[in-house]
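Each chain is listed here by its residues.
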Amino acid sequence: MSFLARTPVIWTSFALMLVIGAGFSLCRPMVGGAFLDMTSDPEIARTMIATMSGAQRAAHAWVTVLLDTAYPLVYGAFLGGLALRFFGQFGKYAALPALGVVIVDLTENLVQVLALADWVDALDAKAWLTPLKFGLFFLAAGIAIIALVIGLVNLIRRRRA
C-alpha cells in the first residue's frame, strides 16, 4: 500500500476523482436524473427503479459498473494515500476507513446492479450499506484533511529551517 503515498499517485487519483465526478454529472440525464447511490431507503430505491425506462435502467447499470466502480477505487486511493503519506507509522491505521469505504461502496454497487438488471432484489441491504458508505467516506475525508494539515505544517517547518 505504500505506493499510494507517492506524490504522483496522490495527484493522479485526485485528478481522476474530478474527471469521474464530472462524468457522473454528464450521465445524470441518461439515468433519469437521480442515482440510486444517494438513497439508503430500499423502498425509495425500488420506486426509482420502477419508474425508470429500460434505457435508463441499462444506462444506470453501466454507469454503476464503469464510473461507480472506478470512483471508489480512485477516491479510496486519494484519501488512503494522504493518510499513509502524512500519518507516519500510524498511516496504515489512518487509511483503514478509506479501505473500508471502497469495500462498502463496491458492495452497494453490486446490490444496485443486480436490482437494475432485475436479477436479484437485495436492496434491503441499502438500509445499512449506504449510511455506512457515507459514514466511512466522511471519516476518511476528515482524516485526509488532517493529513493535509500535517503535510502543510511539515512543509512550513522545512522552509523555515
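Residues numbered from 1 in each chain as written. Predicted model: local features only at pLDDT ≥ 70, side-chain atom pairs only at ≥ 80, totals over all residues. Heavy atoms only, no water.

Engineer: Before we move on, can you summarise the overall build of the protein with the specific residues and values?
Structural biologist: Within the protein, the regular secondary structure consists of six helices and zero strands. Of the regular secondary structure in the protein, the N- to C-terminal order runs α-α-α-α-α-α. Judged by the C-alpha coordinates and their principal axes, the protein covers about 65 × 30 × 20 Å. Expressed as a percentage of its 161 residues, the buried residues of the protein come to 42%. Long-range contacts, defined here as pairs at least 24 residues apart, represent 78% of the contacts in the protein between residues at least 6 apart. Roughly 9000 Å² of accessible area belongs to the protein as shown, and the carbon and sulfur atoms make up 72% of that amount. Treating the 12 positive side-chain charges of the protein as one cloud and the 9 negative ones as another, the clouds have centres 24 Å apart. (Helix = DSSP H or I, 4+ residues; strand = E, 2+ residues; numbered from the N terminus. Buried < 20%, exposed > 50% of the residue type's maximum accessible area, 1.4 Å probe, protein only. Contact = heavy atoms within 4.5 Å. Areas by Shrake-Rupley, 256 points an atom, 1.4 Å probe, with all protein chains shown as cover. Lys, Arg positive; Asp, Glu negative; His and termini not counted. Charge placed at Lys NZ, Arg CZ, Asp CG, Glu CD.)

Engineer: Hey, could you go over the packing of aromatic side chains for me, with residue numbers and the actual values?
Structural biologist: On inspection of all chains with the given rule, the structure shows eight aromatic pairs. Plain terms: the ring middles of W11 and F14 are 6.1 Å apart, the flat faces sit at 85 degrees to each other, and that makes the pair edge-to-face. Of this pair, W11 and F14 are both found in helix α1 (residues 7–27), three residues apart, which corresponds to roughly one turn of the helix. Judged by relative accessible area, which is 57%, W11 ranks as exposed. (Phe/Tyr/Trp six-rings, centres within 6.5 Å; stacked < 30°, edge-to-face > 60°.)

Engineer: I'd like a description of the side chain of K133, backed by residues and values.
Structural biologist: By the element assignment, K133 lies in helix α6 (residues 126–160). On the basis of relative accessibility, which here comes to 5%, the residue K133 falls in the buried class.

Engineer: Requested: an account of helix α2 (residues 42–51), with residues and values cited.
Structural biologist: Of all the positions in α2, only P42, A45, M48 and I49 are classed as buried. Projected down its long axis, α2 shows its buried positions confined to an angular sector of 120 degrees, all on one face. Away from the buried face of α2 by more than 90 degrees, exposed residues A50 and T51 are located. Looking at the buried positions of α2, the neighbouring elements they touch are α3 (54–86), α5 (96–116) and α6. Sitting at the amino-terminal end of α2 is D41, which places a side-chain oxygen 2.8 Å from the backbone nitrogen of E43. (Arc of directions from axis to C-beta. Polar contact = N/O pair within 3.5 Å; in protein donor to acceptor, adjacent residues only side chain to side chain.)

Engineer: Go over the packing of α3 against α6 with me, naming the residues and quoting the values.
Structural biologist: The contact between α3 and α6 brings their axes to 8 Å, and the two run at 40 degrees. Judged on the interaxial angle alone, α6 and α3 are oblique. Judged by the twist between their axes, the crossing of α3 over α6 is left-handed. Contacts between α3 and α6 involve Y75, L79, L82, A83 and F86 from the former and F137, A140, A141, I143, A144, A147, L148, I150 and G151 from the latter. Here the contact of α3 with α6 is built from residues that sort into 13 nonpolar, one polar and no charged. (Axes fitted to C-alpha atoms, helices over the stretch in contact; angles between N-to-C directions. Parallel < 35°, antiparallel > 145°, perpendicular 65-115°, else oblique. Left-handed = near helix turned anticlockwise from the far one by under 90°. Nonpolar A, V, L, I, M, F, W, Y, C, P; charged D, E, K, R; others polar.)

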